[in-house]
Amino acid sequence: MTRTLRPCGDTGLLVELETLTDVLGLHAALAADPPDGVVDLVPAARTVLLRVRSAADLPAVVEEVRHREPASSSVREAGGEVTEIAVTYDGEDLDDVAAHTGLTRDEVIEAHTGRVWTVAFAGFTPGFGYLAPEDGDARLHVPRRSSSRTRVPAGAVGLAGEFSGIYPRESPGGWQLIGRTDAVLWDLDRDPPAVLVPGARIRFRAA
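Small disclaimer: the values here were computed from a predicted structure and weren't measured. (Residues numbered from 1 in each chain as written. Predicted model: local features only at pLDDT ≥ 70, side-chain atom pairs only at ≥ 80, totals over all residues. Heavy atoms only, no water.)

1. Details of the overall build of the protein
Here is step 1 of the chain: Scanning the protein from terminus to terminus reveals five helices and 13 strands.
Here is step 2 of the chain: Projecting the C-alpha coordinates of the protein onto the three principal axes gives extents of approximately 55 × 35 × 35 Å.
Here is step 3 of the chain: Every one of the 207 residues in the protein was classed for burial, and the buried ones make up 45%.
Here is step 4 of the chain: A separation of at least 24 residues holds for 61% of the contacts in the protein among residues at least 6 apart in sequence.
Here is step 5 of the chain: Of the roughly 10,300 Å² of accessible surface on the protein, a fraction of 50% belongs to carbon and sulfur atoms.
Here is step 6 of the chain: If you average the places of the 21 positive and of the 31 negative side-chain charges in the protein, the two averages end up 3 Å apart. (Helix = DSSP H or I, 4+ residues; strand = E, 2+ residues; numbered from the N terminus. Buried < 20%, exposed > 50% of the residue type's maximum accessible area, 1.4 Å probe, protein only. Contact = heavy atoms within 4.5 Å. Areas by Shrake-Rupley, 256 points an atom, 1.4 Å probe, with all protein chains shown as cover. Lys, Arg positive; Asp, Glu negative; His and termini not counted. Charge placed at Lys NZ, Arg CZ, Asp CG, Glu CD.)

Pasting the structure below:
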């Protein structure tokens, strides 16, 4: 696995990686056994940011991360319980997704429910997770909409690029909407507030 390590301020280390699979593997390995001094891990599409306790901890963290082996897909899939989320598949873009992928509506639903998804990273808005299929199935890779909607309702389930996601609150958005869920994904009275935290494993079920 090729990685580039860059300092990020006095107490940060940014690891640049080539693929999302590399990010998932390294993040899983570091989360399972964090180097001494690391207080936070922030994965993204092609990077993992490590925040350390102090500048004095950084040299040792750099050396450990430089040689850390990523967790294999089989190890990642074996760990962590799977949270099931019920979805009503009646999204406004379901027919467009079917046309783009060459699948029928039922085949789109089967492809979405027929595998476990891992939250690769979080962003966009509190509680929003970018979910990648653990088996690498590319049948549902679709582009974002050519124009974004000004209002997407909370609970809308969508697809964009290689990811699936659920809007935790009403917001603008340009993902292809295939369904909706009543699951509460962000709640400040819960610990942690977000259901879709990096590394969490999700399976969708047709409601």
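2. A word on the pairing of strand S7 (residues 129-133)
Here is step 1 of the chain: S7 sits mainly inside the fold: five of its five residues count as buried.
Here is step 2 of the chain: Because side chains alternate across S7, one face comprises the buried residues Gly-129, Leu-131 and Pro-133, and the other comprises Tyr-130 and Ala-132, equally buried.
Here is step 3 of the chain: Following strand S6 (residues 116-122), the chain reverses through six residues before pairing antiparallel with S7; Phe-124 in that reversal takes a positive phi of roughly 75 degrees. (Pairing = 2+ DSSP bridges.)

3. Topic: the nonpolar core
Here is step 1 of the chain: In this structure, Leu-13, Val-15, Leu-20, Leu-50, Val-65 and Phe-163 are the most contacted members of the largest nonpolar core, which totals 30 residues.
Here is step 2 of the chain: With five residues, the top contributor of residues to this core is helix H1 (residues 20-32).
Here is step 3 of the chain: For Leu-20, the contacting residues outside a window of four places in its chain are Ala-44, Ala-45, Arg-46, Ala-120, Phe-121, Ala-132, Glu-162 and Phe-163. (Core = buried A, V, L, I, M, F, W, Y, C linked by side-chain atoms within 4.5 Å.)

4. Focus: the environment of Thr-83
Here is step 1 of the chain: Here Thr-83 is to be found in strand S5 (residues 82-87).
Here is step 2 of the chain: On the accessibility criterion, Thr-83 (31% relative accessible area) is partly exposed.
Here is step 3 of the chain: Thr-83 sits 81 residues away from Thr-2 along the chain, and the two C-alpha atoms are 32 Å apart.
Here is step 4 of the chain: For Thr-83, the residues in contact, after removing those within four places along its chain, are Arg-201, Ile-202 and Arg-203.

5. Regarding the pattern of salt bridges
Here is step 1 of the chain: Counted according to the given criterion, the structure contains 17 salt bridges.
Here is step 2 of the chain: Between Asp-137 and Arg-139 there is a salt bridge, with the nearest N and O atoms lying 3.0 Å from each other.
Here is step 3 of the chain: Judged by its relative accessible area of 18%, Asp-137 is buried.
Here is step 4 of the chain: Note on Arg-139: relative accessible area 33%, which makes it partly exposed.
Here is step 5 of the chain: Several salt bridges share partner residues, and in doing so they unite Glu-110, Arg-115, Asp-135, Asp-137 and Arg-139 into one network. (Salt bridge = Lys/Arg side-chain N within 4 Å of Asp/Glu carboxyl O.)

6. Regarding the packing of aromatic side chains
Here is step 1 of the chain: Considering all chains together, one arrives at ten aromatic pairs under this definition.
Here is step 2 of the chain: Ring geometry for Phe-128 versus Tyr-167: centroids 5.7 Å apart, planes at 70 degrees, classification edge-to-face. In this pair, Phe-128 sits in the loop between S6 and S7 while Tyr-167 sits in the loop between strand S10 (163-166) and strand S11 (171-173), placing the two residues 39 residues apart along the sequence.
Here is step 3 of the chain: Residue class for Phe-128 comes out buried when judged on its relative accessible area of 1%.
Here is step 4 of the chain: Here the aromatic residues Phe-121, Phe-124, Phe-128, Tyr-130, Phe-163, Tyr-167 and Trp-175 are joined through ring pairs into a cluster of three or more. (Phe/Tyr/Trp six-rings, centres within 6.5 Å; stacked < 30°, edge-to-face > 60°.)

7. Side note on unusual backbone geometry
Here is step 1 of the chain: At the junction of Asp-191 and Pro-192, the peptide bond is cis and its omega measures out at 0 degrees in the coordinates.
Here is step 2 of the chain: Residue placement: Pro-192 occurs in the loop between strand S12 (176-180) and strand S13 (201-206).
Here is step 3 of the chain: Positive phi is not limited to glycine here, since Phe-124 has a value of about 75 degrees.
Here is step 4 of the chain: When you line up the elements, Phe-124 lands in the loop between S6 and S7.
Here is step 5 of the chain: On the accessibility criterion, Phe-124 (49% relative accessible area) is partly exposed.

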